[in-house]
Structure formats: structure tokens, C-alpha cells
Amino acid sequence: IIVGNNYIPLVTDLNRRYRDPVQHYAAVCKSIRIDGRLLEPKKFHRTYVIFDTGVTGMVVSQTLFDERYVAARQNKEKRLWGGPVEISFETNSPGEVITLEAIKPVTTPLSQTPWGAGFQANLIVMGLAFLEGHTMTVDIDDQKLQIS
């Protein structure tokens, strides 16, 4: 189904490592930008992204939400998630990056992750606002996700 290396490698960490009973379409993001500003999480450096077409905007872990709040206040920004939000992923092609963008995505904090205190990462559940106008192809056997 997916030809070439222009795909996002999926990870099974949430299922395998954290014992989530659901096999999500999940990847690790390379970067997050809000209004052109890079959000550099300080507490947890790894950010998992679940692709979920049942979500309209995005749901973010409480830690990531709080870090964004602090950064926005320090930069005297008027909007928390109100500008363009860009989430980028490395592809399987060296140096190639895929960036998905949403303008003013409805953003909800996730008070607790279902994996408890052992989950030492950020989490974003990315919804349709980022996928609008794109086609998403998933090869679950080979753990590949392609956006076109």
C-alpha cells in the first residue's frame, strides 16, 4: 500500500511498553510549534502523538498543557493554542519531515493518562483539524502511516 520512504514510522510503545490494551496509530513527534514558536517541553522530552479521527481538535497531556501555558505567559502571548499549531514528524527518509497544521484547534487537557505514573512522556491525541484536506493511509502490518 505504502510505496517509498515518505511515511511516518508508527510505534507500539503505548501498547507494548505501557500495556495499553488498544493498538493506537501512534508516532513520536519531532517538534511542536504554536504561532511559529517552538514549544520545547522541559519535563518530558518525548511526545507521543495518537492519530484519532474521532477527535475534532486535539487533546494534550496535562504536563504539556501546563508547559505551554507557562511559555505563553512568559512570551506575553494573547493566545494559548489559538494560532497555527504545527506538529512535525520525521519520515523514514533521512532529513525528510512531515508537518501537519491546524488553525485554532480546540484543545483540551487530559488530566490523567490511562497508564499512570509510569508514563514518562507527553501525549497528544491529534484529531481531524490536522488531517483536513489530507489522505491518511495506514499499513498496520509494517507500522507505517502516510499523509498525502
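Cut-off values and rules
- Residues numbered from 1 in each chain as written.
- Predicted model: local features only at pLDDT ≥ 70, side-chain atom pairs only at ≥ 80, totals over all residues.
- Heavy atoms only, no water.
- Buried < 20%, exposed > 50% of the residue type's maximum accessible area, 1.4 Å probe, protein only.
- Helix = DSSP H or I, 4+ residues; strand = E, 2+ residues; numbered from the N terminus.
- Pairing = 2+ DSSP bridges.
- Salt bridge = Lys/Arg side-chain N within 4 Å of Asp/Glu carboxyl O.
- Core = buried A, V, L, I, M, F, W, Y, C linked by side-chain atoms within 4.5 Å.
- Contact = heavy atoms within 4.5 Å.
- Phe/Tyr/Trp six-rings, centres within 6.5 Å; stacked < 30°, edge-to-face > 60°.
- Lys NZ or Arg CZ within 6 Å of the ring centre and 35° of its normal.

1. Quick notes on the pairing of strand 5 (residues 47-51)
In step 1: Burial runs high along strand 5: 5 of the 5 residues are buried.
In step 2: Judged by which residues are buried, strand 5 turns out to be covered on both faces: T47, V49 and F51 on one side and Y48 and I50 on the other are all buried.
In step 3: Across 3 bridges, strand 2 (residues 26-28) lies against strand 5 in antiparallel orientation. Directly across from A26, in strand 5, lies its bridge partner I50.

2. Re the pattern of salt bridges
In step 1: Evaluated as defined, the whole model comprises 6 salt bridges.
In step 2: With its nearest N and O atoms 3.0 Å apart, the salt bridge here joins R16 to D13. Placement of both R16 and D13 in helix 1 (residues 13-16) is noted, with a separation of 3 residues, approximately one turn of the helix.
In step 3: For D13, a relative accessible area of 10% puts it in the buried group.
In step 4: For K30, the salt bridge goes to E90, with nearest N and O atoms at 3.7 Å. Here K30, found in the loop between strand 2 and strand 3 (31-34), pairs with E90, found in strand 7 (residues 84-90); they are 60 residues apart in sequence, far enough to count as distant.

3. So, the nonpolar core
Buried together is how nonpolar side chains tend to be arranged in soluble globular proteins.
In step 1: With 27 residues, the main nonpolar core has F51, I87 and F89 as its most contacted residues.
In step 2: For I87, the residues in contact, after removing those within four places along its chain, are C29, S31, V49, M58, I98, T99, L100, I124, M126 and F130.
In step 3: Counting 12 residues, the second-largest nonpolar core is a separate cluster that includes A26, Y48, A121 and L123.

4. Observations concerning the side chain of N122
In step 1: Relative to the helices and strands, N122 is located in strand 10 (residues 122-126).
In step 2: With residues near it in sequence (within four places) discarded, N122 still touches P41, F44, R46, T47, Y48, S61, T63 and L64.

5. Quick look at the packing of aromatic side chains
In step 1: Taken as a whole and judged by the stated rule, the model has 5 aromatic pairs.
In step 2: A connected cluster of aromatic rings, assembled from ring pairs, spans Y18, Y48, W115 and F119.
In step 3: Sitting above the plane of the Y69 ring, R73 keeps its charged end 5.1 Å from the centroid.

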